[in-house]
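# Analysis of the macromolecular model
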Amino acid sequence: MSEQSHGAESGKASTVEDNNSLTVTDNRTGKTYNIEIKDDTVRAMDFRQIKVNDDDFGLMTYDPGYTNTASCRSAITYIDGEKGILQHRGIPIEELCEKSSYLEVAYLLNFGHLPNEKELGEWVYQITHHTYVHENIKSFMQGFRHDAHPMGMLLASVGALSTFYPEAKDIDDEWQRWVSTIRLIAKMPTLAAFAYRHSLGLPYVYPDNDLSYPGNYLSMLFKMAEPKYEPDPRLEKALDTLFILHADHEQNCSAAAVRVVGSSRVDPYSAIAAGVAGLYGPLHGGANVDVLRMLQKIGKVENIPDFLEQVKQRKELLYGFGHRVYKNYDPRARIIRSHVDEVLEATGKQSPWLDIAIELEKQALDDEYFTSRKLYPNVDFYSGIIYEALGIPTDAFTVMFAIPRTSGWIAQWNEMLHDPELKIARPRQIYTGERDKEYTPMSER
Ligand code: SDX
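Residues numbered from 1 in each chain as written. Predicted model: local features only at pLDDT ≥ 70, side-chain atom pairs only at ≥ 80, totals over all residues. Heavy atoms only, no water.

A count of helical and extended segments in the protein chain gives 17 helices and eight strands. Radius of gyration (C-alpha) of the protein chain: 25 Å, near the 22 Å computed for a compact globule of 445 residues. Along the three orthogonal principal directions, the C-alpha set of the protein chain runs to about 80 × 65 × 55 Å. Relative to its 445 residues, the protein chain shows a buried fraction of 48%. The contacts in the protein chain between residues at least 6 apart in sequence include a share of 71% that link residues at least 24 apart. Looking at the protein chain as shown, the accessible area adds up to about 22,400 Å², and 52% of this sits on carbon and sulfur atoms. Computed over 47 positive and 64 negative side-chain charges, the separation of the two mean positions in the protein chain equals 4 Å. (Helix = DSSP H or I, 4+ residues; strand = E, 2+ residues; numbered from the N terminus. Rg over C-alpha atoms; globule rule 2.2 N^0.38 Å. Buried < 20%, exposed > 50% of the residue type's maximum accessible area, 1.4 Å probe, protein only. Contact = heavy atoms within 4.5 Å. Areas by Shrake-Rupley, 256 points an atom, 1.4 Å probe, with all protein chains shown as cover. Lys, Arg positive; Asp, Glu negative; His and termini not counted. Charge placed at Lys NZ, Arg CZ, Asp CG, Glu CD.)

Have a look at this one:
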C-alpha cells in the first residue's frame, strides 16, 4: 500500500499521476511513497513525510553549492549547458549581439519583450536622465584610500544608494520598483567611473547626456581637458556588445545572492549590493582579473605546457575555463573572442597576452584532462584582453562585469517579487557539532 505523497506545506495529498511520479521505498520501514514529478523536478518538501517515527523531522535533501537544486521559476534567461545555448526571453544571444543594444536588452530582460520605438525612446530617456548621483557620494568616495579596490568601492557605493532613496523600501509600490530599476542601471556606470577617477586622483567627470550608454561611460572614465569627449564608435560598439554579453545568466552565484537577500524584502539597492559582493569573488566575476594575471604569470607560449601540468596537479587554476552549467564552449566567449582583433586595431594596441590565451586554449582543448571534465573557455577568458586594450585597470575588470549585470540582477529581483511561491530564503543544515554540553567555568578551561 503506497503512502500518498502529501504536500507537506499544506498537509493535503498532492495529486500524483502515476506516470509523473517517483515511487520511493524507505527500506528502514518498508513504506513506499509516490513523489510528484513536475517540470522534471521533485519538491524537496515532499520528502519530509518520509520518517521512521512519527515525531521525526523527516528527510531533507542535501545539495552543497546547489549543484542540482532549482531555487525558483524564471522566464528571463535560458541556458542549455550541453549545447552551449544562451537565450534572453527566448532570443539567442548571438542575435541580440548582432541586432540589439545593451539598453534594449536591459529592457527585454526587465519587461519580457522587445520595446517598440516609443517604449525604447522613453526607457533610454529615463536612464540617460538618472545617471547623476547625489553629490554626497563624492564625499564618501573621497574617504577610500587611493589604492582601494574598485569592486570594494562599488559594493559600498551601491549599498549606500539605499540611504539616499529610503522610499525604495516600499517594494510593493510599482513606481518605486520601476524608478529603482532605472536608477540602478543608470547610476552603476557613474559610480564605477567615480571610483576609477578617485583611484587616479583625477576630477570626476559628470555624465554627458548627448552620449550613448557605453559612450557616456567611456567619457566619465577618460575625458580630460577636452571640451567634449568623443568616443571611438568602434570601441563604443564593442563595449555595448560586451555589456549585452554580461547582462544576465540565470541563477549564477551573484543573481542567487540578490534573490536570497531580496527575499527578506530589503530595498533593491541593498539586494543588488549583495550581487556586487558575490560577483567580486575570483570564482565568479573576479575571474576576468585572474585570467589576465594568469596569462602574465605564464609569460610566454613556451611556458604553457608546464602551467597546464601545474593545473593538473591542482597547484594552479585555469581561470576563464570551466562552468557550472556550460559543459561546452560558452557562447559568450566565442563572441568576445571575435571582437578582440577589432578592439586591438581600434586602440592601436598589441596585446602580449592574446597569443598566449589562444595557444593556452588550444592546448587545453587538446588535453583529455580538460575535455574529460568538459572544461571550456567561459565568458571571462578573453574579456580581460579587451578591457586592458580599452585602458581599464586590471582591478576594475570585474566592475566592467557588474555594470551590465545590474540589469539582469534587477530583472531577477523584480521577477522574484512577483513569484507567488516567494518565501524568505532560509536553508537547513546537517548538524555535525556536539550536543548538550555543560558550560565550562574559566578556572577549568
Ligand atoms: C562566471 O554561473 C554562472 O553563470 C557564472 C557566469 C555568469 O555569467 O554569471 O557565467 C560568470 O562566473 C564564469 C566562471 C568564471 N570563473 C572562472 O573562470 C574560475 C575558474 N573556474 C572554476 O573555478 C570552475 O570551473 C567554476 C567555479 C566556474 C565551476 O566550478 P564547479 O561547477 O563547481 O565545477 P567543479 O569545481 O566541480 O569542477 C569539476 C572538475 C573538478 O575536477 P575533479 O575534482 O572532479 O577532478 O573540473 C575541475 C575541478 O577540479 N575544474 C577545473 C577548473 N574548473 C573546474 N580544473 C582546473 N581549472 C579550472 N578552471
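The next thing to look at is the site of the ligand. In the vicinity of the ligand lie 22 residues, with His249, Arg314, His323, Arg324 and Arg332 positioned nearest. Glycine 320 places a polar main-chain atom, nitrogen or oxygen, 2.8 Å from an oxygen atom of the ligand. Relative to its unbound accessible area of 1,000 Å², the ligand is 75% covered by the protein chains. Tallied by class, the residues present in the shell around the ligand amount to nine nonpolar, seven polar and six charged. (Near = heavy atom within 4 Å. Polar contact = N/O pair within 3.5 Å; in protein donor to acceptor, adjacent residues only side chain to side chain. Nonpolar A, V, L, I, M, F, W, Y, C, P; charged D, E, K, R; others polar.)

The complete set of buried residues in helix H12 (residues 304–312) reads Ile304, Phe307, Leu308 and Val311. The arc enclosing the buried residues of H12, seen along the axis, measures out at 100 degrees, which places them on a common side. A positive backbone phi angle near 65 degrees is found at arginine 314, which sits one or two residues after H12. (Arc of directions from axis to C-beta.)

Taken together, the side chains of Phe57, Met60, Tyr62 and Ile430 make up a nonpolar region of the molecular surface, amounting to roughly 440 Å² of accessible area. Mapped onto the secondary structure, phenylalanine 57 falls in the loop between strand E5 (31–36) and strand E6 (77–80). (Patch = residues over 30% accessible without salt bridge, like charges linked within 9 Å, V, L, I, M, F, W, Y side chains within 5 Å. Salt bridge = Lys/Arg side-chain N within 4 Å of Asp/Glu carboxyl O.)

Right, let's talk about helix H3 (residues 117–128) for a bit. Helical geometry: 3.6 residues make up each α-helical turn, so side chains three or four residues apart lie on a common side. Between its first and last C-alpha, H3 extends 16 Å over twelve residues, near the 16 Å set by a 1.5 Å rise per residue. Trp123, Gln126, Ile127 and Thr128 are the residues of H3 that are buried. For H3, the N-terminal cap is asparagine 116; the gap from its side-chain oxygen to the backbone nitrogen of lysine 118 is 3.0 Å. (Expected span 1.5 Å × (residues − 1).)

As a further point, take the pattern of salt bridges. Counted by the stated rule, this structure contains 23 salt bridges. A salt bridge links aspartate 210 to lysine 228; its shortest N-O distance comes to 3.0 Å. Placement of aspartate 210 in the loop between helix H6 (174–200) and helix H7 (213–222) and of lysine 228 in the loop between H7 and helix H8 (233–245) is noted, with a sequence separation of 18 residues between them. The partner of lysine 437 in a salt bridge is glutamate 434, with the nearest N and O atoms 3.3 Å apart. Here the two residues lysine 437 and glutamate 434 agree in accessibility, since each one is exposed. Ionic contacts of the salt-bridge type, sharing partners, join the residues Asp39, Arg43, Arg73 and Glu421 into one network.

What follows covers the packing of aromatic side chains. This structure, assessed with the given rule, holds 17 aromatic pairs. Between tyrosine 217 and phenylalanine 243, the ring centres sit 6.4 Å apart and the planes meet at 50 degrees, which makes this aromatic pair tilted. In this pair, tyrosine 217 sits in helix H7 while phenylalanine 243 sits in helix H8, placing the two residues 26 residues apart along the sequence. What links up through ring pairs into an aromatic cluster is the set Tyr102, Tyr213, Tyr217 and Phe243. Here the basic side chain of arginine 48 rests over the ring of phenylalanine 57, its NZ or CZ set 3.7 Å away from the ring centre. Across from the ring centre of tyrosine 329, 4.4 Å away, lies the NZ or CZ of arginine 334, which sits over that ring. (Phe/Tyr/Trp six-rings, centres within 6.5 Å; stacked < 30°, edge-to-face > 60°. Lys NZ or Arg CZ within 6 Å of the ring centre and 35° of its normal.)

Within the secondary structure, glutamine 310 sits in helix H12. With 205 residues separating them in the primary sequence, glutamine 310 and valine 105 have C-alpha atoms 40 Å apart. Contact partners of glutamine 310, with chain neighbours within four places excluded, come to Lys315 and Glu316.

Strand order in this open sheet of three strands is E6-E7-E8, and the pairing throughout is antiparallel. Strands with a single pairing partner mark the edges of an open sheet, and in this sheet they are E6 and strand E8 (91–92). With two bridges connecting them, strand E7 (residues 85–88) and E8 associate as antiparallel partners. Paired with histidine 88 across the bridge in E8 is isoleucine 91. (Pairing = 2+ DSSP bridges.)

Viewed as axis vectors pointing N to C, H6 and H7 meet at an angle of 20 degrees, and their least axial separation amounts to 8 Å. The pairing of H6 with H7 is recorded here as roughly parallel in orientation. At the point where H6 passes H7, the crossing takes the right-handed sense. From H6, Ile185, Pro189, Thr190, Ala192, Ala193, Tyr196 and Arg197 reach across to H7, where they touch Tyr213, Tyr217, Met220, Leu221 and Phe222. Taken together, the residues that form the contact of H6 with H7 break down as ten nonpolar, one polar and one charged. (Axes fitted to C-alpha atoms, helices over the stretch in contact; angles between N-to-C directions. Parallel < 35°, antiparallel > 145°, perpendicular 65-115°, else oblique. Left-handed = near helix turned anticlockwise from the far one by under 90°.)

Time to look at the side chain of aspartate 26. Note on placement: aspartate 26 falls in strand E4 (residues 21–26). Judged by relative accessible area, aspartate 26 falls into the buried class, the value being 8%. Beyond its immediate stretch of four places on either side in the chain, aspartate 26 contacts Lys31, Tyr33, Ile50 and Lys51.

Among the nonpolar cores identified, the biggest contains 112 residues, and Tyr217, Leu318 and Leu360 are the most heavily contacted of them. Per element, the largest residue contribution to this core is twelve residues, and it comes from helix H17 (residues 397–417). Sequence-distant contacts of tyrosine 217, that is, excluding residues within four places in its chain, are made with Pro189, Ala192, Ala193, Leu239, Phe243, Val399, Met400 and Ile403. (Core = buried A, V, L, I, M, F, W, Y, C linked by side-chain atoms within 4.5 Å.)

A separate point is the pairing of E4. As paired elements, E4 and E5 share six bridges and run antiparallel to each other. What sits directly across from threonine 23, in E5, is asparagine 34. Count of turn residues in the E4/E5 antiparallel hairpin: four residues, of which glycine 30 carries a positive phi of about 80 degrees.

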